[in-house]
Amino acid sequence: MQSTKRASRIPRLLSLLLTALMAFAATHRANAQADAQFSQYFEIPNYYNAGAIGTTDLLKIRGGARLQWVGIENAPKTFLVAADMPFKLFNKRFGVGLIMQQESLGLFKNMTIGAQIAYKQKLFKGTLSIGAQIGFIDQSFRGTDVYIPDDDDYHQSTDDAIPQQDIRGNAFDVGLGIHYTHKWFWAGLSATHLNSPSVSLNAESGENGNEKNYEFQMGRALYFMGGSNIPIKNTLFEVIPSVLVKSDFTFTSWEATARCRYNKFLTGGVGYRWKDAVYVVLSAEFKGFYLGYSYDYPVSAIAGASSGSHEIFAGYSLKLDLSDKNRHRHKSIRIM
């Protein structure tokens, strides 16, 4: 009887969460966005969705870097570390995660750090995960390195909108997400920067009280991710399609990836990001270790200036035994 009541509460809770996500979306105004772009999004789902943590019995760690638009000076460079694991508390299942991301673009740099927690419940032969992320955003601009030529017809060195000193600021940040994992597929809906944080950038020196302050409004973003593992009968191969849709409510983009994995060891595939790039993905997994590489070739006009983008990820997964009988819960290593 208790399990029936608990199951009936899950759709109600899910409905409330979806309503909250849509309510935040409805009040959104287009602002700047700080979420980075990764072609291997399927390896770091908790970067986009706080609910996508503890989806397996593994402690999973991933770290990587992306060099965007190689050949263009001051193009974006992004570094990311993501980790997550499941745990039990009071006989309930939870997930916990952590993300740390830093991106530089010219004189501008932003860093995001977030701690994540998710509640997990069995639903329709799968697991529903409802998660939240709490953290902060740190942003800086090297105004002392600004150079405006004397013959520039569009900018003036006296323009108050252009910082002439190094400025920096940070703000509290919140994210929310739901994620569903089944034997044959997974899917999730999430929102980042729900509180639309406003970062006040102030002079780092603090010596001059007349120095101008600047404000950076972080825009909310909505994400949908989904994928599946489709084994090919009587072979060691499996097909792994996935999709990522992202929107800041002014601009919506999507990308789709199709990969093929052999014997849970070698994986290769291709992807397409709408009006942006085509890319190839290669990866290998062995005794818990992961190494992945992707190369993007732009299909937009930027191809005339850039040879493409490179991305590499490495990581390790350690199996956790969450049963009450085993006191040594983290000694075995799983071959992924």
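Up top is the structure.
As a starting point, this report considers the structure included with it. All values derive from a computational prediction rather than experimental measurement.

Now for the nonpolar core. Generally speaking, soluble globular proteins have nonpolar side chains that are buried together. Phe38, Tyr41, Ile44, Tyr47 and Tyr48 are the most contacted members of the largest nonpolar core, which totals 19 residues. Of all the secondary-structure elements, those providing two or more residues to this core are helix H2 (45-48), strand E2 (77-89), strand E10 (221-228) and strand E15 (277-286). In terms of residues, this core owes the most to one element, E10, which gives three residues. Apart from residues lying up to four places away in sequence, Phe38 is in contact with Ile44, Tyr47, Tyr48, Arg66, Thr78, Leu80, Glu255, Arg273, Glu311 and Phe313.

Sizing a probe to match a water molecule and rolling it over the atoms shows the empty space that remains. One pass over the full model with this rule turns up three cavities of 30 Å³ or more. One number sums up the size of the largest cavity: a volume of about 110 Å³. Surrounding the largest cavity, 16 residues form its lining, Asp35, Tyr47, Ile99, Gln133 and Thr192 being those nearest its centre. Sorting elements by how many residues they give to the lining of the largest cavity places strand E6 (residues 166-181) first, with four residues. Along the lines of polarity and charge, the residues of the lining of the largest cavity split into seven nonpolar, seven polar and two charged.

Using the criterion set out here, one finds 14 salt bridges in the structure. Asp57 serves as the salt-bridge partner of Lys319, at 4.0 Å between the closest nitrogen and oxygen. Of the two residues, Lys319 is situated in strand E17 (residues 308-319) and Asp57 in the loop between H2 and strand E1 (58-70); the sequence distance between them amounts to 262 residues. For Lys319, a relative accessible area of 32% gives the class partly exposed. Between Arg142 and Asp145 there is a salt bridge whose closest N-O contact spans 2.8 Å. By relative accessible area, Arg142 is classed as partly exposed at 38%. Look at Asp145 and you get partly exposed, because its relative accessible area is 43%. Residues joined by salt bridges that share partners form a network here, namely Arg66, Lys246, Glu255, Arg273, Asp276, Asp296 and Glu311.

Each value, and the rule that gives it
Residues numbered from 1 in each chain as written. Predicted model: local features only at pLDDT ≥ 70, side-chain atom pairs only at ≥ 80, totals over all residues. Heavy atoms only, no water. Core = buried A, V, L, I, M, F, W, Y, C linked by side-chain atoms within 4.5 Å. Buried < 20%, exposed > 50% of the residue type's maximum accessible area, 1.4 Å probe, protein only. Helix = DSSP H or I, 4+ residues; strand = E, 2+ residues; numbered from the N terminus. Contact = heavy atoms within 4.5 Å. 1 Å grid on protein atoms, 1.4 Å probe; cavity = no way out; pocket = protein on both sides within 12 Å on 5 of 7 lines; lining within 4 Å. Points joined across faces, edges and corners; volume = space filled by probe spheres on them. Nonpolar A, V, L, I, M, F, W, Y, C, P; charged D, E, K, R; others polar. Salt bridge = Lys/Arg side-chain N within 4 Å of Asp/Glu carboxyl O.

These results come straight from atomic positions and should not be treated as a statement about function.
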